[in-house]
Amino acid sequence: MTAPPLLEVRDLHTYYDNIAALRGVSLTVSEGEIVALIGANGAGKSTLLKSITGLTPPRQGEIFMEGRRLNGVPAHAVVRLGVAMVPEGRQIFGRLSVYENLEMGAFTRTDTDAVQRSFDRVFELFPRLAERREQIGGTLSGGEQQMLAIGRAIMAAPRLLLLDEPSMGLAPILVQQIFRTIREINREGASILLVEQNANAALSLANRGYVLRVGQIVIEDAAEALKENKQVKEAYLGGH
Amino acid sequence: MATTSTTVGRSAAFSKRAFLTILGVLIGAVLAFRLGQTIYDQVWGPEVWIRNLINGLALGAVYALIALGYTLVYGILFMINFAHGEVLMLGAMAGFFVLDASINSGFLDYNTLLTIVIVFIAGMSVAVVVGVLLERIAYRPLRGAPRLVPLISAIGASIFLQNAALQAFGANVKIYPTPQITGLSGGQRFGDVFVANTSIMIMVLAIITMVALVLLVNRSRFGKAMRAVAEDKPTAQLMGIDVNRIILLTFALGSLLAGMAGVMLGFHNRQVTHMVGFMPGLKAFTAAVLGGIGNVPGAMLGGFFLGLAESLGPTAFQIPSAYKDVIAFGLLVLILIFRPTGLMGERLSRERA
Amino acid sequence: MRAALLPATRPGLVGGGAAIAIVVLGMVTALNERELAGLPVGNLLVGLIVLAVGYRAARDAVGAGSRLVAGLVAGLTAGAFLALFMLFTRVPGVSEKLVQTEPEDTDAILFGMGAGGAALLAVFGAGLGVLGGVLASLPALPTGWLRAVAGSGRLRLILVALLSLLIVGLALAFLFGLVVAVVGVIVLAGLELALLGGALASLPPLPARLRQVLPKSGAGRRRLDPVALLTLLIMAVVLIVVPMAFGQYFNHVSTTVGIFVLMGLGLNVVVGYAGLLDLGYVAFFAIGAYAMAILSSPEQGIEVNFWLALPIAMAVSGISGTLLGIPVLRMRGDYLAIVTLGFGEIIRIFSQNLTDLTGGPQGVRDIARPELAEQEFTTLLFANPQQFYFYLIATGVVLVAIISAHLLSSRIGRAWVAMREDEDVARAIGIRVVRYKLLAFTIGAVFAGLGGAIFASRQNSIFPNDFTLIVSINVLCLVIIGGMGSVRGVVVGSVALIALPEILRELAEFRLVTFGALLVFMMIVRPQGLLPAGRSLVSGPASLDIAAPPAEA
Ligand SMILES: Nc1ncnc2c1ncn2[C@@H]1O[C@H](COP(=O)(O)OP(=O)(O)O)[C@@H](O)[C@H]1O
Ligand SMILES: [Mg+2]
């Protein structure tokens, strides 16, 4: 008998007004895993993450975090249950300083010593942020903003980290650095659900992967197997 | 999305610093010239100028306190809380009733300072309750509706509150018995210039409050959460911030300031009616826009600027004081033409160089 | 069951607060002067509130037992809250401050028994709450057959209309006597005809396929539906006959409504079509009125004839619209609101202080009435001058309505809509935004000027206090209540906003309180207005998103 997965999503349906964005998605993330979620633009990847965090509550289906039902839990309470998200397009607070952005990430935590350790860890992972701790978020470069967004999520000390296209719009060297950091975070104990258009990189990093198409999971497999999957190759890996 | 307001600042006709400098120098020059001229022509002496300067500062302090309420709410919800003036009025009313009761019961004679403190607390508490109810009943159900909808709701709430006060408490003028209160009744004489004690109280209290507010917004956990919510509500939620609660607290904070301003006006003008919220509310909103709505230091600057303009304008140009409202709105139009986002630009955040 | 307890106190507190409010505002005292089935209406209203509270609380609960308990808790809370407050008003000195609350009322609400009565009131509240809970537990009424009968859209509309006439007629007769009832029913009937005509016309009169085959005429052309035509005809007859049949009072109310319709149509162009929030619209009304007054009153020594002064007043008003528009129309929406509001105040301050021109607070008297062929038209043909104004204003309204309907379907109207929906996009596709804004502002000002000029003449004398901010707010509210961007909506909104309070004069002292509360309520339950225009006209898509900062000009 295996322990229940860290995150379990069962038959999720999410709508924008009357347009279905998710049509029966089921997926799991187990303790310690990195799971990649790939799919074309508009497939519903971001919607899935937003449904898990309560920003777009699902109309049907269930979400469990460590066996606890997340349906109906307001978005601001989800982070207390150990789920942090790096939203699409980073969405850092452009008018708050780097340091204040990180403080916001730890908003729900009260153990000041532990929070201080998280600060130290973030500045260790991203020395660039330490240099710019008083700089206003909106004036950071794109790569720095992405570091800040990830750092901010780390500040919540999550058990599950949701990342929505962290490589978007970044130079290849930066992408590599970001992906290394993600692996690092995973080694330190956080499970990861990684949404990516950059399927190759994501599958290289992940243990398992799902392919989402028009609101439904069409393929689910080990990451290595997915990389070899013919359909996946043609559609998402640029055919090489 | 997040960068829109910074571009506003940049696309303005003048940069902020240049504009403020030019404006300051210009106003300073004109005032200095008229100061010399009126004294030389013996229209009025320097004591008139100083008296009006102090009146302007006191009036400006009140405007600034009220304007802060508009700016905080606007900064976080992008809505004009049209009923803010009525919150002030109800605060002033509550202050009056408590003051009246303490006079009748002899408590005022027993401890004057404590009475004044209690009057302020009563006014501010009632204002907070009204502001919070307003948010829960009239605004929260409209979150996410098109912009005009909450505005109309606010107008409705304003009409309701004003007329409810009229119905409940009557149309008669309620006299704040300031002259009976030792310490508030008289004034201080500095040479030729007489300054009412209430003006001094207003300025001291307002400045302390504003310093505290700036610290709260910039330094406290609540202040940072408020700025985060103002900027991006969904992301703030992801951080674990309860957006509804922050919005409610923001209303409470703004209403607290309005209640304080209401009691101040009560003591200073020595009377309240159900109408006292309207004009100060309008002026303070003007002040908030002048300073750049959503901008905390801007609201303060705008308040003082407007207060001074209203009291020094007629002094400088010998305009009948009936036209002081014309000055206020005229200034607003002029400044918005050159700086479409107000003196300090719009944003609810910490000022940095 | 225990889970139902705490949530039920909330509706209880809300209801108790509402009950306290109507007591404090003096509504209970005023309404207690009437009786319904032997019970004083005021107390009945308080009871109804508590009943509703119990019903509301019970509806949220699951299971019959929980429903009753929830009703009980809510009713108890409401009753206790009210009782506590009533006791509070008996503290010496408190009831003097509450001018509308007489100690006798307090006594009556506490059953004349003081503190014991308070306990009784709480128990009474609990009983009513349980009753509400029972009501909530009843199976839903079998309304299916009703729906089946009224299955067809048209039939349902007509049924609803007739039913509403009956109810309103009975209510008015009961409250105010026969005369008011007849007036009320006729006003309402006219209104409903207008509504119904529109609604019937908007149901597909022809099978869609058939319509596609029919040749399409010019872009703005509307098809002539026989039902709509019939409605128009009936309306015209009513409009012509009604003022003859009724006296001075009806004519006064209906011309007031008409003047507000004129202003509403003007502001509809500014806010509804072009999306510019003008809070100082009264300024143009005032300018039109003062232009008429100054030009035609002998006090100023110009004494121009009404018919000459009318177009001049409109022109002056329009020009001032343009002049104000030039500096302010580059500003962003909310700033525009406050600046226009300020402009309205400035005009009023000037009218109060420029004594040589406007007479100051004394106003201008002896403003000309419309004359024809050297003779007072009004005395020649009509029993009273108000009657002539009725036809004059009706003509004005029809013309202005036609003009604004045509404007909307013209090139100009499409530019406005594009601009309102997204200013940047409009600019990008080559629409000269500022120019079109100016046009909207000017047209709106001309319409308001027309209203103002006629108003001045009808009043015969005008004073600065005729032009306060509350006028601007009223006009804005009627546009929004009616349904922004729709001409029919403006008419309905004016009747709802101006005529109903006039007719319900007896409730005069509670008019504004009720009005304010209704505005809030309406925004919550029906923000699009009574008769909205087809699409979302309230504002652009950017403003639908609370997270987005406001669009910049
Ligand atoms: N706020 C929204 N309102 C309406 N539709 C939306 C909204 N956000 C996303 N959608 C729609 O939902 C679908 C899924 O979008 P999204 O989850 O963002 O896809 P992905 O992240 O995979 O690119 C798309 O068809 C998109 O158009
Ligand atoms: Mg996406």
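Residues numbered from 1 in each chain as written. Chains lettered and ligands numbered in written order. Predicted model: local features only at pLDDT ≥ 70, side-chain atom pairs only at ≥ 80, totals over all residues. Heavy atoms only, no water.

## Considering the packing of helix H13 (residues 248–273) of chain C against helix H23 (residues 469–482) of chain C
Relative orientation and spacing of two packed helices are given, respectively, by the angle between their axes and the distance between those axes. Residue and element names in this part refer to chain C. Packing of H13 against H23 brings their axes to within 9 Å, and their N-to-C directions diverge by 75°. With respect to H23, the element H13 is oriented roughly perpendicular. Along the contact surface, H13 presents Phe260, Met263, Gly264, Leu267, Asn268 and Val271, while H23 presents Val471, Asn474, Val475, Leu476, Leu478 and Val479. Looking at side-chain class alone, the contact of H13 with H23 contains nine nonpolar, three polar and no charged residues. (Axes fitted to C-alpha atoms, helices over the stretch in contact; angles between N-to-C directions. Helix = DSSP H or I, 4+ residues; strand = E, 2+ residues; numbered from the N terminus. Parallel < 35°, antiparallel > 145°, perpendicular 65-115°, else oblique. Contact = heavy atoms within 4.5 Å. Nonpolar A, V, L, I, M, F, W, Y, C, P; charged D, E, K, R; others polar.)

## Notes on the coordination of the magnesium ion (ligand 2)
By definition of the ideal shapes, a tetrahedral metal site with four donors has angles of 109.5 degrees and an octahedral site with six donors has angles of 90 or 180 degrees. Residues and elements named next belong to chain A. Protein ligation of the magnesium ion (ligand 2) involves Ser46 (OG), Glu88 (OE) and Glu88 (OE), the donor distances falling in the range 2.0 to 2.7 Å. Placement of the pair is Ser46 in helix H1 (residues 45–52) and Glu88 in the loop between strand S6 (83–86) and helix H3 (98–105), with a sequence separation of 42 residues. Residue classification places Ser46 among the buried positions, given a relative accessible area of 16%. Residue Glu88 is classed as partly exposed on the basis of its relative accessible area, which comes to 33%. (Donors = N, O, S within 2.8 Å, 3.2 Å for Na, K, Ca; no water. Buried < 20%, exposed > 50% of the residue type's maximum accessible area, 1.4 Å probe, protein only.)

## Considerations on the sheet that holds strand S4 (residues 60–65) of chain A
All names here are of chain A. A sheet is described by the order of its strands in space; here four strands give the open sequence S2-S1-S4-S5, paired in antiparallel fashion. In this open sheet, the two edge strands, each paired with only one partner strand, are strand S2 (19–29) and strand S5 (68–69). Here S4 pairs with S5 via two bridges, running antiparallel. Bridging from a neighbouring strand, Met65 pairs with Arg68 of S5. Running at roughly 110° to strand S1 (residues 7–16), H1 makes contact with S1, S2 and S4 of the sheet. (Pairing = 2+ DSSP bridges.)

## Concerning the interface of chain C and chain B
Interface extent is often summarised as the accessible area lost during association of the parts. Contact with chain C, which involves 53 residues of that partner, is made by 61 residues of chain B. Taken together, both faces of the contact between chain C and chain B bury some 5,000 Å²; the carbon and sulfur share is 77%. Our count for the chain C to chain B interface comes out at one salt bridge. Note that Asp100 of chain B is salt-bridged to Lys97 of chain C, the shortest N-O span being 2.8 Å. Where chain C meets chain B, there are one residue pair in polar contact (both at pLDDT 80 or more). Looking at the side of chain C that touches chain B, the elements with two or more residues in it are helix H1 (5–24), helix H15 (306–328), helix H16 (333–353), H23 and helix H25 (508–525) of chain C. Here the residues of the side of chain C that touches chain B are counted per class, giving 40 nonpolar, six polar and seven charged. (Buried area = accessible area lost by both parts, 1.4 Å probe. Salt bridge = Lys/Arg side-chain N within 4 Å of Asp/Glu carboxyl O. Polar contact = N/O pair within 3.5 Å; in protein donor to acceptor, adjacent residues only side chain to side chain.)

## Looking at the environment of Arg17 of chain B
Residue and element names in this part refer to chain B. Tracing the backbone through its elements, the reader meets Arg17 in helix H2 (residues 16–40). Arg17 sits in the exposed class, given a relative accessible area of 65%. For the pair Arg17 and Met344, spaced 327 residues apart in the sequence, the C-alpha separation amounts to 8.9 Å.

## Brief notes about helix H11 (residues 243–269) of chain B
Residue and element names in this part refer to chain B. Under the 1.5 Å per step criterion, the end-to-end length of H11 is 38 Å for 27 residues, consistent within 8% with the ideal 39 Å. The element H11 is extensively covered by neighbouring structure, given that 20 of its 27 residues are classed as buried. Sitting at the amino-terminal end of H11 is Asp242, which places a side-chain oxygen 3.3 Å from the backbone nitrogen of Asn244. Residue Arg270 follows H11 closely and has a positive phi angle near 65°. (Expected span 1.5 Å × (residues − 1).)

## Regarding the interface of chain B and chain A
Counting residues at the interface gives 24 residues for chain B, matched by 24 residues for chain A. When the two sides are added together, the surface that chain B and chain A hide from each other amounts to roughly 2,300 Å², 58% of it contributed by carbon and sulfur. For the pair chain B and chain A, the number of links is two salt bridges. The partner of Glu100 of chain A in a salt bridge is Arg227 of chain B, with the nearest N and O atoms 2.9 Å apart.

## Some details on the site of ligand 1
All names here are of chain A. Contacts to ligand 1 come from Tyr16, Ala21, Ala40, Asn41, Gly42, Ala43, Gly44, Lys45, Ser46 and Thr47. Residue Tyr16 places a side-chain N or O atom 3.5 Å away from a nitrogen atom belonging to ligand 1. Contacts to ligand 1 include Lys45, whose backbone N or O atom sits 2.8 Å from an oxygen atom. At three residues, the largest contribution of residues to the shell around ligand 1 is made by H1. Broken down by class, the residue content of the shell around ligand 1 amounts to four nonpolar, five polar and one charged. (Near = heavy atom within 4 Å.)

## Quick notes on helix H14 (residues 324–338) of chain B
Given a rise of 1.5 Å per residue, 15 residues ought to cover 21 Å, and the 22 Å separating the end C-alpha atoms of H14 of chain B matches this to within 8%. Looking only at H14 of chain B, the buried set comprises Asp325, Val326, Ile327, Ala328, Phe329, Leu331, Leu332, Ile335 and Leu336 of chain B. Contacts made by the buried residues of H14 of chain B are with H2, helix H12 (278–291) and helix H13 (296–317) of chain B together with H16 of chain C.

## Some points on the pattern of salt bridges
When the charged atoms of two side chains with opposite charge come close together, those side chains can pair. All names here are of chain C. Under the defined criterion, the tally for this structure stands at 26 salt bridges over all chains. Between Glu345 and Arg348 there is a salt bridge, with the nearest N and O atoms lying 2.9 Å from each other. Remark: Arg348 and Glu345 occur in helix H16; sequence separation between them is three residues, near one turn of the helix. Relative accessible area serves as the criterion here: at 3%, Glu345 is assigned to the buried category. Arg348 gets classed as buried once you look at its relative accessible area, which sits at 15%.

## Some details on the nonpolar core
Looking at soluble globular proteins, one finds that nonpolar side chains tend to be buried together. Counting residues in hydrophobic clusters, the biggest one holds 269 residues, and the most contacted among them are Ile241 and Phe267 of chain B together with Trp416 and Ile462 of chain C. Excluding its chain neighbours within four sequence positions, the residues that come into contact with Ile241 of chain B are His76, Met104 and Phe107 of chain A together with Ala225, Ala228, Val229, Ala236 and Ile246 of chain B. Formed by 49 residues, the second largest nonpolar core is a distinct cluster that contains Ala149, Leu163, Ala202 and Leu226 of chain A. (Core = buried A, V, L, I, M, F, W, Y, C linked by side-chain atoms within 4.5 Å.)

## Details of the domain arrangement of chain A
Residue and element names in this part refer to chain A. The assigned domain composition of chain A is domain 1 (1–82 + 158–240) and domain 2 (91–157). Taking only C-alpha atoms, the centre of domain 1 and the centre of domain 2 are 23 Å apart. Each partner contributes to the interface: domain 1 provides 16 residues, whereas domain 2 provides 13 residues. Overall, the association of domain 1 and domain 2 removes approximately 1,200 Å² of surface from exposure, summing both partners, and the carbon and sulfur fraction of that is 71%. Linking domain 1 with domain 2 are two salt bridges, by the criterion used here. Ionic pairing is found between Glu184 and Arg121, a salt bridge with its closest N-O pair at 3.3 Å. Remark: the boundary between domain 1 and domain 2 carries three residue pairs in polar contact (both at pLDDT 80 or more). Here the side of domain 1 that touches domain 2 gets six residues from one element, more than from any other, and that element is helix H7 (residues 172–187). (Domains from an automatic or database assignment.)

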